[in-house]
Amino acid sequence: MLLEVKNLTVYYDAVLALENISLTVSGGEIVAMIGPNGAGKSTALKAICGLLKPQSGDVLFQGENINGKQPYQLVEKGLCLVPEGRRVFTSMTVLENLEMGAYTVTSGQWSVVSRKNRQPKVDIRQLVEKIFSLFPVLNKRQKQKAGTLSSGEQQMVAIGRALMLKPKLLLLDEPSLGFSPNYVDTVFEKIKEINRGGTTILLVEQNARMALEYADRGYVFEIGKIAFEDKAKNLLENDEVRKSFLGER
Amino acid sequence: MNNVFCQLLVNAVIAGSIYALIALGFTVIYRTVKFFHFAHGVVYTAGAYFAYTLIISLHLNFALSFFLSMVLAAILGIAIDRFVYYPLRQQNASNLIFLLASFGVFIFLQNLIQLIYGAQILTIRTGPIKEGHHFLGAVITDVQILILAASIILMIFLWLFIQKTKLGKAMRAVADDPVAANVVGINPERMIRTSFAIGSALAGAAGILISFETNIEPTMGFSALLKGIIAAIIGGIGSIPGAVLGGFFLGLAENLGIWKISAGWKDCIAFAILIIFLFIRPWGFLGTKTEKETI
């Protein structure tokens, strides 16, 4: 089991946001967390990677308890989060943003990065090329400040930055947000492609139907609890899920 | 009259470089913590007193004292963060709490300095006063040349550090978006400590340089802090080139302003400029308009 979440309870100030939820993700899967706004799916993702402190419960990554670890401590272990809302480094270029994705493996703190005649511990250029082949539009924009990109392109930068070190588990918070509706398909195609490359994916998505079509398994959240969990295909066929969560009559 | 202008210009540039250093340090810290670190002013004072202790009491040479005083100022900055701000961060304190705490630190340390050194004026200048160099009708002393050169060198170092080194880039990343920096593997606490070290070293350097030029006293930090903050705001809060621009602009405005009106109005000029900027262009010369800043 790659990720195991046991009896997680999270409070936002005094408000109970997640009550005693448990979930698992095995290597190679795409797992979707869906549900209405405020159901706690994003909270779950933040608690898993340490952006939020859970009140109780355990998070195990590759069998190791990662409770109380902050996101920056998990990057080297192979767990990366793409936070909600296209959080790119706006004053840096696309290339610099991607370089920051390899922050934990580049050489010493005082060294000069991104100079061509230097030999860093890892070949950043090669890692960057891989991201460009996944998102060709970023190649054209590499010298542009990330703050000047369209929201979709910024999301690509955020995802590309998280993929620089080829994480074992990628957490995506609302990956389709910011893309125009007719591009959402493409985003999920890319997610599938990333997954085929050997990265396990746990994602939170507003666009429930689309997420379940691409996912292997799904968890349906409802007011701080998991209401359903099943194979994505079964969830799509489950009458109750379709009625309450996929907006069908 | 031309000579007066040249002399005022020299004075303006010297004052401007001190303001710019204070504003730079303030900005470096502001960028990572996003609150107004008022105790920055007392770090400037401490820098001057460190230099006084090393030069007058311990008889160390100027260059070594300068360097050591900057290191001590950096340590003081880190200590303020570690013992005051860090515990507050752990409790998710609001910006207002940080602001009040930074005032508290300012008053506490200023009084501590007064307790140790006394309230009277002290001076580092020991030798006879040498006549300055004549330059385009203006007089500029060795110390003033040192102030200008040292400030410019520090500014260039800071710029190269922020732009080129990995640590500098990580600091820029935290300034842009602390959450995004955290998820790529940057320890935010470490960057906050680094920014306090660098920012405080710059404030210390300004204090040391001014102590070579004028007398020092425990209360010197407050007006320096205000000038530094005004410079940071008119340059564009959070902008590093803006802090330098704001510092020199303020120095010029103050010193050229008193060409025509009495020198007693110097501070008034600074605040008038601040108020004009807050009304017309609150994001300053180089700040970003969209950012909504909270103190």
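What comes next is a walk through the structure. Since this is a predicted model, take the numbers as computed values, not measurements. (Residues numbered from 1 in each chain as written. Chains lettered and ligands numbered in written order. Predicted model: local features only at pLDDT ≥ 70, side-chain atom pairs only at ≥ 80, totals over all residues. Heavy atoms only, no water.)

## Remarks on the environment of Val13 of chain B
All names here are of chain B. Here is the rule: Secondary structure elements are taken from DSSP: a helix is a run of H or I of four residues or more, a strand is a run of E of two residues or more, and numbering for both begins at the N terminus. Note on exposure labels: buried denotes an accessible area under 20% of the residue type's maximum, exposed denotes more than 50%, and partly exposed covers the range between, all computed with a 1.4 Å probe on protein chains only. We call two residues contacting when some pair of their heavy atoms lies within 4.5 Å.
Along the chain, Val13 falls in helix H1 (residues 2-33). Judged by its relative accessible area of 27%, Val13 falls in the partly exposed class. If sequence neighbours within four positions are ignored, Val13 has contacts with Leu148 and Phe248.

## Topic: the interface of chain B and chain A
How we decide: Here the quantity called buried area is the total loss of accessible area, with a 1.4 Å probe, experienced by two parts when brought into contact, counted for both. Each reported salt bridge corresponds to a side-chain nitrogen of Lys or Arg within 4 Å of a carboxyl oxygen of Asp or Glu. For the purposes of these results, a polar contact is taken to be a pair of N or O atoms within 3.5 Å, where, inside protein, one atom must be able to donate a hydrogen and its partner to accept one; residues adjacent in sequence count only when each atom of the pair is a side-chain atom.
The interface is formed by 23 residues belonging to chain B together with 30 residues belonging to chain A. Note on chain B versus chain A: buried area summed over both sides is about 2,400 Å², and carbon and sulfur give 60% of it. One can count four salt bridges joining chain B with chain A. Of the charged contacts in the structure, one is a salt bridge between Arg172 of chain B and Glu96 of chain A, with a shortest N-O distance of 3.5 Å. Applying the counting criterion to the chain B and chain A interface returns 10 residue pairs in polar contact (both at pLDDT 80 or more). Every element with two or more residues in the side of chain B that touches chain A is listed here: helix H5 (142-164), helix H6 (166-176), helix H7 (178-183) and helix H8 (188-213) of chain B. It is H6 of chain B that contributes the most residues to the side of chain B that touches chain A, seven residues altogether.

## A look at the sheet that holds strand E10 (residues 225-231) of chain A
Residue and element names in this part refer to chain A. To be explicit about the condition: Pairing between two strands is assigned when DSSP locates at least 2 bridges connecting them. The axes used here are C-alpha line fits, helices contributing only the stretch in contact, and every angle between their N-to-C directions lies in the interval 0 to 180 degrees.
With mixed pairing, the six strands of this open sheet are ordered in space as E6-E7-E8-E3-E9-E10. Each edge of the open sheet is held by one strand with a lone partner, namely strand E6 (79-82) and E10. Going across the sheet, the axis of each strand differs from the next one's by a mean of 15°, ignoring polarity. Bridge analysis of strand E3 (residues 30-34) against strand E8 (residues 200-204) gives four bridges, and the strand direction is parallel. Directly across from Met33, in E8, lies its bridge partner Val204. The strands touched by helix H6 (residues 151-163) within the sheet are E6 and strand E7 (169-173), with E6 carrying the most contacts at an inclination of about 175°.

## What to know about the packing of helix H3 (residues 62-90) of chain B against helix H4 (residues 95-117) of chain B
All names here are of chain B. The following threshold applies: Less than a right angle of anticlockwise turn of the near helix away from the far helix marks a crossing as left-handed, whereas a clockwise turn marks it as right-handed.
Packing of H3 against H4 brings their axes to within 11 Å, and their N-to-C directions diverge by 140°. With respect to the hand of their crossing, H3 and H4 are arranged in right-handed fashion. Listed contacts from H4 to Leu76, Ile80, Val84, Tyr85, Leu88 and Arg89 of H3 are Ile97, Phe98, Ala101, Ser102, Val105 and Leu109.

## Regarding the pairing of E8 of chain A
Residues and elements named next belong to chain A. What counts is decided by this rule: We call a crossover right-handed when, viewed with the strands running away from us, the connection from the first strand over the helix to the second turns clockwise.
The buried fraction of E8 is high, at five of five residues. Alternating positions in E8 separate into two faces, Thr200, Leu202 and Val204 on one and Ile201 and Leu203 on the other, with burial throughout. Both E7 and E8 contribute to a ladder of five bridges, which runs parallel. Bridged to Leu170 within E8 is Ile201. Each parallel crossover has a hand, and the one from E7 via helix H7 (residues 184-196) to E8 is right-handed.

## A few points about H7 of chain A
Residue and element names in this part refer to chain A. Put simply, the rule reads: Between the first and last residue of a helix there are one fewer steps than residues, each counted as 1.5 Å, and that sum is the expected span. To be clear, the arc concerns the directions from the helix axis to the C-beta atoms.
Taking 1.5 Å per residue as the helical rise, H7 with its 13 residues ought to reach 18 Å, and the 19 Å between its terminal C-alpha atoms agrees with that figure. Of the positions making up H7, those classed as buried are Val184, Val187, Phe188, Lys190, Ile191, Ile194 and Asn195. Buried residues of H7 fall within an arc of 155° about the axis and therefore sit on the same side. In this fold, the buried residues of H7 make contact with E3, helix H4 (124-134), H6, E7, E8 and helix H8 (208-214). Of the residues trailing H7, Gly198 is marked for its positive phi of about 110°.

## Some remarks on the pattern of salt bridges
Going through the model one piece at a time under the given rule, you end up with 14 salt bridges over all chains. Between Lys77 of chain A and Glu64 of chain A there is a salt bridge; the shortest N-O distance is 3.2 Å. Here Glu64 of chain A lies in strand E5 (residues 64-65) and Lys77 of chain A lies in the loop between helix H2 (71-74) and E6, a separation of 13 residues in the sequence. The exposure class of Glu64 of chain A is partly exposed, given its relative accessible area of 35%. Salt-bridge contacts for Glu129 of chain A lead to Arg125 of chain A; the nearest nitrogen and oxygen are separated by 3.0 Å. Here Arg125 of chain A and Glu129 of chain A lie together in helix H4, a separation of four residues that amounts to about one turn. With relative accessibility at 37%, the residue Glu129 of chain A sits in the partly exposed group. Its relative accessible area of 38% is what places Arg125 of chain A among the partly exposed residues. Through salt bridges with shared partners, one network takes in Glu96 and Glu99 of chain A together with Lys169 and Arg172 of chain B.

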